[in-house]
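Listed below, chain by chain, are the residues.
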Amino acid sequence: MAQFYDHLKKIDWFIFLPVLLLIGIGLITIFSATYYSAADQRYFTKQLVYAFVGVFLMLAINFMPYKLIQKSSYFFYLLALLSLVMVLFLGVKGYGAERWLKIGPIRLQPSEFAKIATVLAVARYLSLNGRKVNQLKHLFVVFLLVLLPFALIVKQPDLGTSLVFLALIIPMLYLAGVSWFVLFVLIPPLITMLASFNIYAYVIWLFVIFLILIFTNQKLYLKIFVFLQHLAVGSITPLLWNSLKVYQKKRILTFIQPENDPQGAGYQIIQSKVAIGSGGIWGKGFLQGSQSQLNFLPAHHTDFIFSVLGEEWGFFGITIVLFIFLFLFLYLLWLAHSVKSDYSRLTIVGITTILAFHTMINIGMTIGFAPVTGLPLPFLSYGGSFLLTVCVAMGITLNFSRNKFSI
């Protein structure tokens, strides 16, 4: 018994308990969302099994040797790349994309595991022997590590998941000590891409970039390069738009104005808003959500699980879930500040970025603030691969917390 209590003391409950609460809330919500459909009730049973496996993996990784995780970073990354290549040739199709590997009755989504593997590889590279991240050769390697899985996932195609890889690189580079000018070169082109859809916005934004460069203490050739970069991004945006799949264009256009196609592409967003809004302050109650129970809301156990939560538990339930997420993210950032190892710090920030990006985009799309991308809500949405992935990620943070004073 004494040994059991010793093991409990080695668990960081400020991570473990919020994760258990979120998984529990997710299971209850999936149970409710699929309760009145005999064909869908299997989703709850499957998610329950994945939850037990995920929690077991989380605890197992917590007690693994820290050095084993660190030294295996590149191995996990290569394994992830191999699995992504296999998906392109042997993948099982679903929703117009080849995203799953089928092993007997089990279907796994390698792109989910690739997120964590990429974080581990980037953190390993940036922390190894004090890399000088502002040097071009090191930046090139970091971008290569991120762009390889990004390109393979875009090829599936899975645009939503691929965007996660672009999101994680900026915080990790910033934490590694990259200069603000490098970040300035990396981030604004995304704004340029959006602004280029409107000629007036595009011209105003280029003028802002021009003013910033004028007052920047950098070499002239760098300033010219950055400005030409924005001109090039604005010029190729129409080509990128035309290269998108039809359903991807529909998602973006629907996000801008879902009312234009209320019975088609805009249906999900409209029904999601109705579900959340009808929940009021206290919600309609467990198993009482009409939008989800009567199947007015598509994908209510996966991408739109937050809408079910809002309808049945109202503003009160949503606030509690958001508070748990906020507490978990803030604690992980505090943990990143507390650990001694650069590798641990970078990994924790990368993992936190992935979880926060998923949470913001998923909730944003359910209330019409973001396009429907298919990104699940961490710990709550149905999906075995994603649940196992976030549990593995939390197991890594638990491990680093346990070793924060000894590494």
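Scroll up to find the structure this text is about.
Residues numbered from 1 in each chain as written. Predicted model: local features only at pLDDT ≥ 70, side-chain atom pairs only at ≥ 80, totals over all residues. Heavy atoms only, no water.

## Details of helix H17 (residues 342-366)
Step number 1: Between its first and last C-alpha, H17 extends 36 Å over 25 residues, near the 36 Å set by a 1.5 Å rise per residue.
Step number 2: Burial within H17 is extensive, with 23 of its 25 residues counted as buried.
Step number 3: By the N-cap criterion, in which a side-chain oxygen at the helix start approaches the backbone nitrogen of a residue two or three places on, H17 is capped by Ser341, the distance to Tyr343 being 3.2 Å.
Step number 4: Two residues or fewer after H17 comes Gly368, characterised by a positive phi angle close to 85°. (Helix = DSSP H or I, 4+ residues; strand = E, 2+ residues; numbered from the N terminus. Expected span 1.5 Å × (residues − 1). Buried < 20%, exposed > 50% of the residue type's maximum accessible area, 1.4 Å probe, protein only. Polar contact = N/O pair within 3.5 Å; in protein donor to acceptor, adjacent residues only side chain to side chain.)

## Some words on the packing of helix H16 (residues 305-338) against helix H18 (residues 384-402)
Step number 1: Axis separation between H16 and H18 bottoms out at 11 Å; the angle between their running directions is 45°. Looking at the two axes, H16 sits oblique to H18. Here H16 runs over H18; the crossing is left-handed. Contact residues: Leu328, Tyr331, Leu332 and Leu335 in H16; Met394, Thr397 and Ser401 in H18.
Step number 2: Partitioned by chemical class, the residues of the contact of H16 with H18 number 5 nonpolar, 2 polar and no charged. (Axes fitted to C-alpha atoms, helices over the stretch in contact; angles between N-to-C directions. Parallel < 35°, antiparallel > 145°, perpendicular 65-115°, else oblique. Left-handed = near helix turned anticlockwise from the far one by under 90°. Contact = heavy atoms within 4.5 Å. Nonpolar A, V, L, I, M, F, W, Y, C, P; charged D, E, K, R; others polar.)

## Things to note about the packing of helix H2 (residues 13-33) against H16
Relative placement of two packed helices is described by the angle separating their axes and the distance separating the axes.
Step number 1: For the pair H2 and H16, interaxial distance at closest approach is 10 Å and the crossing angle is 160°. Considering the angle they form, H2 stands roughly antiparallel to H16. Handedness of the H2/H16 crossing: left-handed. Residues Phe14, Ile15, Pro18, Val19, Leu21, Leu22, Ile25, Thr29, Ile30, Ser32 and Ala33 of H2 touch H16, and the partners they reach there are Ile305, Val308, Leu309, Glu312, Val321, Ile324, Phe325, Phe327, Leu328, Tyr331, Leu332 and Leu335.
Step number 2: Tallied by class, residues from the contact of H2 with H16 come to 20 nonpolar, 2 polar and 1 charged.

## Quick look at the pattern of salt bridges
Step number 1: Counted under the stated rule, the structure contains 3 salt bridges.
Step number 2: Note that Glu311 and Lys284 form a salt bridge whose closest N and O atoms lie 3.2 Å from each other. Of this pair, Glu311 sits in helix H16 while Lys284 is found in the loop between helix H14 (267-278) and helix H15 (290-293), placing the two residues 27 residues apart along the sequence.
Step number 3: We classify Glu311 as buried; its relative accessible area is 0%.
Step number 4: Its salt-bridge partner being Arg345, residue Asp342 comes within 2.7 Å of it at the nearest N-O pair. One end of the pair is Asp342 and the other is Arg345, both in helix H17 and 3 residues apart, which spans about a single turn. (Salt bridge = Lys/Arg side-chain N within 4 Å of Asp/Glu carboxyl O.)

## Section: the nonpolar core
Step number 1: Counting residues in hydrophobic clusters, the biggest one holds 90 residues, and the most contacted among them are Ile15, Ile23, Phe379, Leu380 and Met394.
Step number 2: With 13 residues, H16 is the single largest residue contributor to this core.
Step number 3: When sequence neighbours within four positions are dropped, the list of residues in contact with Phe379 reads Val19, Leu22, Ile23, Gly26, Phe325, Leu328, Phe386, Leu387, Val390 and Met394. (Core = buried A, V, L, I, M, F, W, Y, C linked by side-chain atoms within 4.5 Å.)

## Looking at the packing of aromatic side chains
Step number 1: One pass over the structure, following the stated rule, counts 17 aromatic pairs.
Step number 2: Between the aromatic rings of Phe31 and Phe44, the centroid separation amounts to 5.1 Å while the plane-to-plane angle is 75°, which identifies the pairing as edge-to-face. Of this pair, Phe31 sits in helix H2 while Phe44 is found in helix H3 (residues 42-62), placing the two residues 13 residues apart along the sequence.
Step number 3: Since its relative accessible area comes to 29%, Phe31 is described here as partly exposed.
Step number 4: With a centroid separation of 6.4 Å and 15° between ring planes, the pair formed by Phe327 and Tyr331 is classed as stacked. In this pair, Phe327 and Tyr331 both sit in helix H16, 4 residues apart, roughly one turn of the helix.
Step number 5: The class for Phe327 is partly exposed, based on a relative accessible area of 33%.
Step number 6: Relative accessible area serves as the criterion here: at 13%, Tyr331 is assigned to the buried category.
Step number 7: Through a chain of ring-to-ring contacts, the aromatic side chains of Phe31, Tyr35, Phe44, Phe286 and Trp313 assemble into a single cluster.
Step number 8: When the ring centre of Tyr43 is taken as origin, the NZ or CZ atom of Arg42, which lies over that ring, is 4.5 Å away. (Phe/Tyr/Trp six-rings, centres within 6.5 Å; stacked < 30°, edge-to-face > 60°. Lys NZ or Arg CZ within 6 Å of the ring centre and 35° of its normal.)

## What to know about a nonpolar patch on the surface
Step number 1: Together, Phe75, Phe76, Leu79, Leu82, Val85, Met86, Phe89 and Leu90 line one region of the surface with nonpolar side chains, adding up to about 810 Å² of accessible area.
Step number 2: Take Leu82: it is sitting in helix H5 (residues 73-90). (Patch = residues over 30% accessible without salt bridge, like charges linked within 9 Å, V, L, I, M, F, W, Y side chains within 5 Å. Areas by Shrake-Rupley, 256 points an atom, 1.4 Å probe, with all protein chains shown as cover.)

## Thoughts on the side chain of Ser162
Step number 1: In this fold, Ser162 is placed in helix H8 (residues 159-176).
Step number 2: Judged by relative accessible area, which is 0%, Ser162 ranks as buried.
Step number 3: Discounting chain neighbours no more than four positions away, the residues touching Ser162 are Phe150, Ile153 and Val154.

## Observations regarding a positive patch on the surface
Step number 1: On the surface, Arg42, Lys46, Lys102 and Arg107 cluster together into a positively charged patch.
Step number 2: Within the element layout of this structure, Lys102 appears in strand E2 (residues 97-103).
Step number 3: Taking the relative accessible area as the measure of exposure, Lys102 reaches 56% and is therefore exposed. (Lys, Arg positive; Asp, Glu negative; His and termini not counted. Charge placed at Lys NZ, Arg CZ, Asp CG, Glu CD.)

## What to know about the side chain of Asp12
Step number 1: Position of Asp12 among the secondary structure elements: in the loop between helix H1 (2-9) and H2.
Step number 2: Exposure remark for Asp12: the relative accessible area of 9% places this residue in the buried category.
Step number 3: In terms of polar contacts, Asp12 uses its side chain to reach the side chain of Tyr331, at 2.5 Å.
Step number 4: Once you skip the residues sitting within four places of it in the chain, Asp12 turns out to touch Tyr331, Leu398 and Ser401.

All we've got here are geometric facts, nothing functional implied.
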